Amino acid sequence: NVPRGMVELANNANDSTSILEQISIGLVRMACEPSVRGNMIQQGCLSACIKIENDEIKKLKSPTYSPSSVTPEIKKMCTALMLNVRHCIAKLLVTTNPNILTSSQRMGSIRPLLQLVKDNESSDLSKFEALLSVTNISSVGDETKNRVISEKGIKILGYAMFSEHEMVRRAATEAMSNLYPHPDMIEYLKDSENLRLWVAFATDYEENFDCAKAACGCLAMATQEHNVALALTELKSYEGMVKMLLECGNLEMLHRILVVVLNMLGHGGKSKEATLKVGSVTFCAGYIQSFEGKNVERDLNMNASDQELMETTIDMAKSIVTNFG
């Protein structure tokens, strides 16, 4: 009943910033324990944080609000309050199935999460958790993706991809990837300048494998679009990326780049020409010859998951050789 008690205190705080700030500190600390997050949501903590954030935004936008009348101490408390309630929302939603939330909870959480990512005063941890939560919520469907987009999500997430912290970069890349196939995300990826970053991330698998996997996965989906494929072809780094990832020796990356190769060859024209030029079909023929029919469990000491993935990549290589060799 502690979470419900905290919610009652927040409801009866009479807009007292100092009281709300102390309550928000308690909520964030409570949400640090994953096992109580579900109970916190059931007892109204998520909705309370969304309400506090909305009320503070309305207060700042009110015609009667005068920044000059706010003391530095109150301003500091307001900043801390907003950071805390947004961070609490992020913590609650990292491990929560978004499908069990109400529509208003899902939609109401998106702006606070994106603002937390955007805020220069928020910590890398809070940004990371907010990005994971954005990915979680946007996976529900078009309604949540549309809200992320309308809240300038592409710009905010795109900026977060330049973070110095590799886990923030990875989470931002995953969150962006999850927005596909929204038309605005496709439009974003049609820009060669934007694609250059994704190619750079995809080839950085030795330094940041999870980020590279997310970036290459997005390219695998996005190259189904003819205009995205053309934009990718225009990059000088495209051929180098394909060659590097085909030869990288990692099955997960190989699987993703083979999807890219299949998509690019299927478009024909410049996309096909550039992809053939890098020797993709020759590689696939050699890959089939080297590994088809091998007892991978015995000869390569692979687990069941890798065996299945290798069979998938061999089938894809066969498709490439058969249709484009």
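Structure first, text after, so check above.
The text that follows walks through the structure, step by step, so that each part is easy to find.

So, how was this worked out
- Residues numbered from 1 in each chain as written.
- Predicted model: local features only at pLDDT ≥ 70, side-chain atom pairs only at ≥ 80, totals over all residues.
- Heavy atoms only, no water.
- Helix = DSSP H or I, 4+ residues; strand = E, 2+ residues; numbered from the N terminus.
- Buried < 20%, exposed > 50% of the residue type's maximum accessible area, 1.4 Å probe, protein only.
- Contact = heavy atoms within 4.5 Å.
- Lys, Arg positive; Asp, Glu negative; His and termini not counted.
- Charge placed at Lys NZ, Arg CZ, Asp CG, Glu CD.
- Salt bridge = Lys/Arg side-chain N within 4 Å of Asp/Glu carboxyl O.
- Core = buried A, V, L, I, M, F, W, Y, C linked by side-chain atoms within 4.5 Å.
- Disulfide = S-S within 2.5 Å.
- Axes fitted to C-alpha atoms, helices over the stretch in contact; angles between N-to-C directions.
- Parallel < 35°, antiparallel > 145°, perpendicular 65-115°, else oblique.
- Left-handed = near helix turned anticlockwise from the far one by under 90°.
- Nonpolar A, V, L, I, M, F, W, Y, C, P; charged D, E, K, R; others polar.

1. So, the overall build of the chain
Along its length, the chain carries 20 helices and zero strands. In terms of overall dimensions, the chain has a C-alpha envelope of 75 × 45 × 30 Å along the principal axes. Counting the 325 residues in the chain, one finds 49% classified as buried. Considering only intrachain contacts with a sequence separation of at least 6, the fraction spanning at least 24 residues in the chain is 73%. Positive and negative side-chain charges of the chain, numbering 33 and 39 respectively, have mean locations separated by a distance of 5 Å.

2. Regarding the side chain of Glu21
One can find Glu21 in helix 2 (residues 17-31). Here Glu21 is buried and forms no salt bridge, its nearest opposite-charge partner Lys76 lying at an N-O distance of 7.9 Å. Those residues within four positions of Glu21 in sequence are excluded, and the remaining contacts are Met77, Ala80, Leu81 and Asn84.

3. Describing the nonpolar core
Formed by 103 residues in total, the largest nonpolar core has its most connected members in Met176, Met185, Leu189, Trp198, Met241 and Ile257. For Met185, the residues in contact, after removing those within four places along its chain, are Ile154, Met176, Leu179, Tyr180, Trp198 and Cys218.

4. Examining unusual backbone geometry
Between Tyr180 and the following residue, Pro181, the backbone shows a cis peptide bond with an omega angle of 15°. Structurally, the position occupied by Pro181 is in the loop between helix 10 (166-177) and helix 11 (183-189). Unlike most non-glycine residues, Lys152 shows phi in positive territory, near 60°. Looking at Lys152, the relative accessible area reads 61%, which means it is exposed.

5. As for the state of the cysteines
By definition, a disulfide links the sulfur atoms of two cysteine residues through a covalent bond. Evaluated as defined, the whole model comprises zero disulfides. Of all cysteine sulfurs in the structure, the one in Cys88 sits closest to Cys45, which takes part in no disulfide; the separation is 6.5 Å. The exposure class assigned to Cys45 is buried, which follows from its relative accessible area of 0%. Between Cys216, a free cysteine, and Cys248, which holds the nearest cysteine sulfur, the sulfur-to-sulfur gap is 8.5 Å.

6. What to know about the packing of helix 14 (residues 226-233) against helix 17 (residues 269-277)
Remark: helix 14 packs on helix 17, axes separated minimally by 9 Å, with the N-to-C direction vectors making an angle of 45°. When the axis of helix 14 is compared with that of helix 17, the two are oblique. Regarding helix 14 and helix 17, the two cross each other, and that crossing is left-handed. For the pair helix 14 and helix 17, contact is made by Ala229, Leu230 and Thr233 and by Lys270, Ser271 and Ala274, respectively. When the residues that make up the contact of helix 14 with helix 17 are grouped by side-chain class, the tally is three nonpolar, two polar and one charged.

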